[in-house]
Amino acid sequence: MKIFITGGAGYIGSAVADELLAQHHDVVIYDSLVTGHKAAVPKGAEFIEGDLADDETLKKSLTREKLDAVVHLAALIEAGESMRDPGKYFRANLATSMQLIELAHAAGIGKFVFSSTAALYQSNDEPLTEESPLGPVNVYGQTKLMVEQTLDWYRQIHGLRYAALRYFNAAGAQPGRGEAHQPESHLIPLTLQVALGKLESVAVFGSDYPTPDGTCIRDYIHIADLVSAHLLVLNGLDEHEKLVYNLGSGHGYSVLEVIEMARKMSGHAIPAMDTPRRPGDAPRLVASPARIQRELGWQAKHSGLEEIISSAWEWHKSHPNGYAKK
Ligand SMILES: NC(=O)c1ccc[n+]([C@@H]2O[C@H](COP(=O)([O-])OP(=O)(O)OC[C@H]3O[C@@H](n4cnc5c(N)ncnc54)[C@H](O)[C@@H]3O)[C@@H](O)[C@H]2O)c1
């Protein structure tokens, strides 16, 4: 297949691109580098530096050759920021995605895989299935839900085949490839930056949630496991016109458990600082990945928190400035 990957210079997109190239697919990456890194673009991928908001460049890129599928990962990803500046997220994540879907349809591309999120579910004490009640508590999650709904209208009206992959928290690293968001807002890299001496402490946003230790609980999925689902799903779209899957490990860890594991892995005391709750955080989001396991045979192979954090620690130690040379 010839696959157009938006956001392929980012943490997850570059790893997805790498895997698709390894499976002998052709890959075109479209990324503005707003938060991504040119150095993360895998060898063998064609790279177009462009913004999804740039209609002309996007249209040209989608029509100059026959493409089989779009894998759409480009987005702004900070839930907290989306609660301070909702317009930025509606523009960057919703408006551009709607345009991408329309232009991809006009270009005759029949398959579309979308990076959705756990943030479109309501908090739940039970593992979340795809039927669990939706109800984003932040604008970021709302934009993802609206893109899923848009895709479904294109399926109904134009026969677009699509998959929505609801990622839980992607984490961990693979050789030469790790998490380097700018600015960083994710717990594991922030915690490890303290261990590296780059930050003095890690903030714990809220310790009065209705969870056993009072901090939020999340499901962490190793980047390698997340990536392995994409090809299964792209192939699955040959048979199914619509696939919606949770992608998580099925295990939940509190903020304090993550920090404790990072202390163990790094041997650093990692001071934690109690801070008020952050608007837009749900108390508990843990996946049931049963449906993708049952239907596509997908399995998480690296899901333990210890393996996730130790791989992340190796990456942060060897890449203290992420993909930057210095
Ligand atoms: N990281 C997670 O835990 C997680 C969880 C759930 C969903 N997701 C989704 O997965 C996707 C990738 O996340 P990530 O962690 O790799 O983030 P990232 O910031 O590392 O990657 C996003 C990439 O998209 C590019 N981009 C952003 N806006 C763009 C635009 N308008 N035009 C062109 N390129 C643009 C950035 O430059 C960057 O390379 C996002 O859609 C995110 O919402 C991530």
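The rules we used
Residues numbered from 1 in each chain as written. Predicted model: local features only at pLDDT ≥ 70, side-chain atom pairs only at ≥ 80, totals over all residues. Pairing = 2+ DSSP bridges. Helix = DSSP H or I, 4+ residues; strand = E, 2+ residues; numbered from the N terminus. Axes fitted to C-alpha atoms, helices over the stretch in contact; angles between N-to-C directions. Expected span 1.5 Å × (residues − 1). Contact = placed C-beta atoms within 7 Å. Near = placed C-beta within 6 Å. Nonpolar A, V, L, I, M, F, W, Y, C, P; charged D, E, K, R; others polar. Core = buried A, V, L, I, M, F, W, Y, C linked by C-beta atoms within 7 Å. Buried ≥ 20, exposed ≤ 12 C-beta atoms within 10 Å, placed from the backbone. Domains from an automatic or database assignment.

Draft legend 1. How the structure looks around the sheet that holds strand β3 (residues 46-49). On the basis of which strands lie adjacent, the open sheet formed by seven strands has the order β3-β2-β1-β4-β5-β6-β10 and parallel pairing. The outermost strands of the open sheet, each flanked by one partner alone, are β3 and β10 (242-247). Within this sheet the neighbouring strands show an average axis-to-axis angle of 15°, counted without direction. Bridge count between strand β6 (residues 161-167) and β10: six bridges; the pairing is parallel.

Draft legend 2. Structural detail: helix α5 (residues 139-158). Between its terminal C-alpha atoms α5 stretches 28 Å, which fits the 28 Å expected from 20 residues at 1.5 Å a residue. Its buried side turned inward, α5 meets α3 (79-82), α4 (86-106), β5 (111-117) and β6. Looking at the residues trailing α5, positive phi occurs at G159, about 75°.

Draft legend 3. Quick look at the site of the ligand. Taken together, 29 residues form the shell around the ligand, and within it G7, G10, G36, A74 and A75 come nearest. For the shell around the ligand, the per-class residue count stands at 15 nonpolar, twelve polar and two charged.

Draft legend 4. Region of interest: the nonpolar core. With 99 residues, the main nonpolar core has I5, F112 and L165 as its most contacted residues. Composition of this core by domain shows at least three residues from each of domain 1 (2-170 + 221-247) and domain 2 (172-218 + 251-287 + 302-318). Sequence-distant contacts of F112, defined by excluding residues within four places in its chain, comprise A69, V70, H72, I101, A104, L151, L160 and Y162.

Draft legend 5. Highlighting the domain arrangement of the chain. Once the domains are mapped, the chain shows domain 1 (2-170 + 221-247) and domain 2 (172-218 + 251-287 + 302-318). Once you take the C-alpha centre of each, domain 1 and domain 2 turn out to be 25 Å apart. Every contact between the two is made by 28 residues of domain 1 and, on the other side, 23 residues of domain 2. Going through the elements one at a time, α1 (11-22), α3, β9 (217-222) and α7 (223-236) are the ones with two or more residues in the side of domain 1 that touches domain 2. Sort the elements by how many residues they give to the side of domain 1 that touches domain 2 and α1 lands first, with four residues. Residues that form the side of domain 1 that touches domain 2 fall into these classes: 13 nonpolar, eleven polar and four charged.

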